[in-house]
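The chain contents come next:
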Amino acid sequence: MSKTLDINHTVLMPVMESNNSLPLSHRESVKILIIGSRRGINSIIHLLYRVGFAEVTAWSQPQAAPNSEGKEMMSITVKQVTLD
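All of the points below concern the structure found in this document.

Conventions and cut-offs
- Residues numbered from 1 in each chain as written.
- Predicted model: local features only at pLDDT ≥ 70, side-chain atom pairs only at ≥ 80, totals over all residues.
- Heavy atoms only, no water.
- Helix = DSSP H or I, 4+ residues; strand = E, 2+ residues; numbered from the N terminus.
- Contact = heavy atoms within 4.5 Å.
- Pairing = 2+ DSSP bridges.
- Axes fitted to C-alpha atoms, helices over the stretch in contact; angles between N-to-C directions.
- Core = buried A, V, L, I, M, F, W, Y, C linked by side-chain atoms within 4.5 Å.
- Buried < 20%, exposed > 50% of the residue type's maximum accessible area, 1.4 Å probe, protein only.

## Observations regarding the environment of V56
Then, number 1: Mapped onto the secondary structure, V56 falls in the loop between α1 (38-50) and β4 (63-64).
Then, number 2: Once the C-alpha coordinates of V56 and I44 are considered, the two residues, 12 residues apart in sequence, prove to be 10.0 Å apart.
Then, number 3: Excluding residues that lie within four positions of it along the chain, V56 makes contacts with I45, H46 and Y49.

This is how it looks when you write it as structure tokens:
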């Protein structure tokens, strides 16, 4: 059973790990990007880990976001999803 997380009225549904035996045409790589302060990014990454969305180590190290003049950071992960 998949868990649902409600964050400020936005519902996030965890992506289930794909079945590697499916043909590549039925799978897609989806990139998930978090932009904010380093503290905010780490908070969301750990929250998403607790609901089973992604391992903490699956996320990139935070780095400066483009055009933010060093005020925001970003971190990315890639999930494989199965397409119906």
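Following the structure, the description resumes.
## Describing the sheet that holds strand β3 (residues 27-36)
Then, number 1: Strand order in the open sheet made by the 3 strands is β3-β5-β4, with antiparallel pairing throughout. The open sheet has two edge strands, β3 and β4, and neither has a second partner.
Then, number 2: In this structure, β4 lies alongside strand β5 (residues 73-82), joined through 2 bridges in antiparallel fashion. Its bridge partner lying in β5, Q63 is registered against M74.
Then, number 3: The strands that α1 touches are β3 and β5; relative to β3, the one it contacts most, it runs at about 140°.

## Let's talk about the nonpolar core
Then, number 1: Listed in full, the 9 residues of the largest apolar core are I34, I41, I45, L48, V51, F53, A54, W59 and M73.
Then, number 2: Among the elements that line this core, the one with the most residues is α1, at 3 residues.
Then, number 3: If we ignore the near neighbours within four places in the chain, the residues touching A54 are L48, Y49, W59 and K79.

## Quick notes on unusual backbone geometry
Then, number 1: Located in the positive-phi region is N67, a residue other than glycine, with phi close to 60°.
Then, number 2: Tracing the sequence through the fold places N67 in the loop between β4 and β5.
Then, number 3: With relative accessibility at 82%, the residue N67 sits in the exposed group.

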